[in-house]
Amino acid sequence: MQSLSKAKKSLLWICIGFGLCLLILLPSSTPAGTYKYAIKAKDKVVGLLNFTNVNIGLPPYLPDSLTISPCELDAACRMKELRERIRHVCDVDKKVKRTSDRKKTFSGFLNHEHRLLYFSIPKVGCSFWKRIFKVLNDERYGANIFDIPNYKAHFGPGLLKITTRKEVEKYINNYTSYLFVRDPFSRLFSGYIDKMFVPNPIAYNHGRNIFTMYRSTTQHRCELDISFERFAMYVADSIVSNRIGDPHFVPMWKHLNPCDINLTYVGKMEHFMEDTNYILSSNGVSLDDLSGSTKSENFDELHEKGYMKDIINRTFKFLKSKKVCLTPRSILQRIWTSFHIRGYISKSQSMPKFKNPQKITNEDMINATFKAYDLSGPKSERSLQRKEAMMEAYTRVPASILQKLANAFDMDCRIFEYNCNVKERFLVRKPSTKFYFKN
């Protein structure tokens with residue numbers, strides 16, 4: 001259950017001591033939508049957890065107990081266990097076996113000093129990792145990864161890229177090799193928010209393709225105003241027909257199939273910072289030194305404010321083009337809402353009522369955003385908004401399109417151990433009240 005992962009981290013000291021934790025649902029008189037768990041070990045209550053808002057992705061029923069493996073709380077153990085399970089799937093799953101095609105091109109990045117070989121997959125933390133490699137490989141970038149804007153992370157000096165199987169085979173056995181994966185439904189939703197919901201050139205190009213593919217259902221034409229439902233249908237149809245070209249939406253196993261490459265680690269976005277810290281520290285790299293921060297709170301703030309600044313600057317640059325078919329106010333609102341969705345700004349912080357939206361500068365927007373961020377409360381509360389928004393989007397997608405997506409994501413779910421059962425995940429839930437996608 002993904003919504004438990006943050007809490008599990010905070011209870012590391014409890015679970016290591018007992019080997020296993022049992023989470024037992026307690027009767028409670030707390031308000032509707034609030035759930036109270038007791039963490040039990042050896043029949044003793046050793047801690048309490050509270051979860052609020054049933055729309056964040058909790059199942060429609062809650063089990064009497066949930067067992068947490070000790071491995072789940074240890075990055076090295078967790079990644080090793082995942083790699084072994086992936087190898088087993090590769091050996092026994094006939095459908096997975098048929099995907100092994102000895103891929104000839106890769107997107108790998110090297111650091112020779114620490115003997116690191118990272119395989120990137122878009123929308124799975126690749127911008128973050130490329131910044132790390134730039135700082136490690138080229139002193140011109142300084143010592144702080146957050147000094148590199150997001151859009152500059154993907155090109156320029158410092159990225160020692162390898163693309164051929166011959167190059168991969170040269171390093172794979174002597175370097176720590178790894179990639180990161182994530183829930184394919186979460187990856188698609190994140191891609192939609194970043195590449196479609198907030199106006200940018202990629203959104204315009206996909207919007208144009210969607211109008212071409214589904215001309216008979218088109219009632220209006222604004223390439224930047226594509227609903228999540230329509231985009232989900234477009235991606236599912238494009239993957240199944242093998243017409244998807246944008247790497248942000250190509251299934252993860254097509255970027256790198258771990259059945260073909262014997263990786264040292266497979267990390268997951270659901271444990272991104274824990275897995276990242278372990279891989280780096282095991283190879284003599286300190287993430288604190290790379291970020292100029294020794295506190296996780298400061299690290300989160302640097303990362304989140306840096307991302308928001310990048311998105312605002314990128315969007316305002318795009319607004320100078322002639323491809324904008326949304327009003328200035330609606331564009332500003334989409335930027336703001338995207339930060340609600342990512343859990344960077346509390347949804348209690350509304351966008352300021354700008355009198356003349358067309359005269360607002362990127363600096364004005366950055367200042368307003370940072371002010372709202374500072375008033376938004378703890379990350380533990382804000383992070384629930386991402387799951388809430390994702391459920392709001394998916395529960396409004398028709399069952400037929402959800403099943404198409406499940407079919408398109410089937411190999412990712414098989415290989416990387418994710419749940420593609422859309423009935424269990426989305427169809428048993430009633431659509432939540434609209435907040436993030438009101439229009």
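Rules used in this analysis
- Position labels on residues start from 1 in each chain and follow its written sequence.
- Thresholds applied to this predicted model are a pLDDT of at least 70 for local features of residues and 80 or more for the giving and counting of side-chain atom pairs; totals over whole chains, interfaces and linings are not thresholded and use all residues.
- The basis for every side-chain value is the complete set of heavy atoms in the structure, and neither hydrogens nor water enter the calculation.
- Axes here refer to lines fitted to C-alpha atoms; in helices the fit is confined to the stretch in contact. Angles between the N-to-C directions go from 0 to 180 degrees.
- Put simply, DSSP marks the helices as runs of H or I at least four residues long and the strands as runs of E at least two long, and each gets a number from the N terminus on.
- Should an angle fall under 35 degrees it is called roughly parallel, over 145 degrees roughly antiparallel, and 65 to 115 degrees roughly perpendicular, with every other angle called oblique.
- Definitions for this section: a left-handed crossing has its near helix turned counterclockwise from the far helix by less than a right angle. A right-handed crossing has that turn clockwise.
- Throughout, a residue-residue contact means that at least one pair of heavy atoms, one from each residue, lies within 4.5 Å.
- In this classification, the charged set is Asp, Glu, Lys and Arg, the nonpolar set is Ala, Val, Leu, Ile, Met, Phe, Trp, Tyr, Cys and Pro, and all remaining amino acids, among them Gly, are polar.
- To form a nonpolar core, buried Ala, Val, Leu, Ile, Met, Phe, Trp, Tyr and Cys residues must be joined to one another through side-chain atoms within 4.5 Å.
- Think of it in three bands: with a 1.4 Å probe and only protein chains considered, a residue is buried below 20% of the maximum accessible area for its type, exposed above 50%, and partly exposed in between.
- Between the rings of Phe, Tyr and Trp (Trp by its six-membered ring), a pair exists once the centres lie within 6.5 Å; its type follows the angle of the planes, with under 30 degrees stacked, over 60 edge-to-face, and the other angles tilted.
- Only lysine NZ and arginine CZ atoms are considered, and such an atom sits over a ring when it is within 6 Å of the ring centre and within 35 degrees of the ring normal.
- Throughout, disulfides are identified as pairs of cysteine sulfur atoms within 2.5 Å of each other.
- A residue's pLDDT is the predictor's confidence in that residue, given on a scale from 0 to 100.
- Each helix should span, by expectation, one fewer than its residue count multiplied by 1.5 Å.

**Some thoughts on the packing of helix 7 (residues 184-197) against helix 14 (residues 328-341)**
In step 1: Where helix 7 contacts helix 14, the two axes come as close as 11 Å, and the packing angle between them is 165°. Between helix 7 and helix 14, the crossing angle belongs to the class labelled roughly antiparallel. The crossing of helix 7 and helix 14 is left-handed. Seen from helix 7, the contacting residues are Phe-189, Ile-193, Met-196 and Phe-197; seen from helix 14, they are Arg-334, Thr-337, Ser-338 and Ile-341.
In step 2: Across the contact of helix 7 with helix 14, the residue classes tally to five nonpolar, two polar and one charged.

**Details of the nonpolar core**
In step 1: By size, the foremost hydrophobic cluster in this structure holds 122 residues, and its most contacted members are Trp-129, Phe-185, Phe-189, Phe-231 and Tyr-394.
In step 2: Those residues in contact with Trp-129, other than ones at most four positions away along the chain, are Tyr-118, Tyr-178, Phe-180, Phe-272, Thr-276, Ile-279 and Leu-280.

**Quick notes on the packing of aromatic side chains**
In step 1: With the rule as written, the count across this model stands at 30 aromatic pairs.
In step 2: Taking the centre distance of 6.2 Å and the plane angle of 80° together, the rings of Phe-189 and Phe-437 count as edge-to-face. Separated by 248 residues along the polypeptide, Phe-189 in helix 7 and Phe-437 in the segment after helix 20 (422-427) bring together distant segments of the chain. Each of the two residues, Phe-189 as well as Phe-437, counts as buried.
In step 3: Relative to Tyr-278, the ring of Tyr-265 has its centre 5.8 Å away and its plane inclined at 90°; by these criteria the two rings are edge-to-face. With Tyr-265 in strand 9 (residues 265-268) and Tyr-278 in helix 11 (residues 272-282), this residue pair connects regions lying 13 residues apart in the sequence.
In step 4: Classification of Tyr-278 as partly exposed rests on a relative accessible area of 27%.
In step 5: For Lys-268, the ring lying beneath its charged end belongs to Tyr-418, and the centroid distance is 4.0 Å.
In step 6: The ring of Phe-197 has Arg-334 lying over it, and the distance from NZ or CZ to the ring centre is 5.1 Å.

**Remarks on the state of the cysteines**
In step 1: One pass over the structure, following the stated rule, counts three disulfides.
In step 2: The partner cysteine of Cys-413 in its disulfide is Cys-420, sulfur to sulfur 2.1 Å. One disulfide, between Cys-413 and Cys-420, carries an S-S torsion of 70° and so falls in the right-handed class. Here the two residues Cys-413 and Cys-420 agree in accessibility, since each one is buried.

**Examining the confidence of the model for the protein**
In low-pLDDT segments, the atomic positions of the prediction should not be examined closely.
In step 1: Mean pLDDT for the protein: 82, with 80% of residues reaching 70 or above.
In step 2: Confidence, read as mean pLDDT per element, is least for helix 2 (residues 12-18) in the protein (36) and greatest for strand 6 (residues 116-119) (98).
In step 3: A low-confidence stretch, residues 1-66 (pLDDT under 50), is modelled with 120 contacts involving residues beyond four sequence positions or located in other chains.

**Concerning the packing of helix 14 against helix 15 (residues 362-374)**
In step 1: Taken N-terminus to C-terminus, the directions of helix 14 and helix 15 make an angle of 30°; their axes are 12 Å apart at the nearest point. With respect to each other, helix 14 and helix 15 are oriented roughly parallel. In this structure, helix 14 crosses over helix 15, and the sense of that crossing is right-handed. Only Met-365, Ala-368, Thr-369 and Ala-372 of helix 15 make contact with helix 14, whose side of the interface consists of Leu-332, Ile-335, Trp-336 and Phe-339.

**So, helix 5 (residues 126-137)**
In step 1: Helix length check: helix 5 (12 residues) gives 16 Å between terminal C-alpha atoms against 16 Å at 1.5 Å per residue, within 8%.
In step 2: With 11 of its 12 residues buried, helix 5 lies for the most part within the structure.
In step 3: Within helix 5, the full set of buried residues consists of Cys-126, Ser-127, Phe-128, Trp-129, Lys-130, Arg-131, Ile-132, Phe-133, Lys-134, Val-135 and Leu-136.

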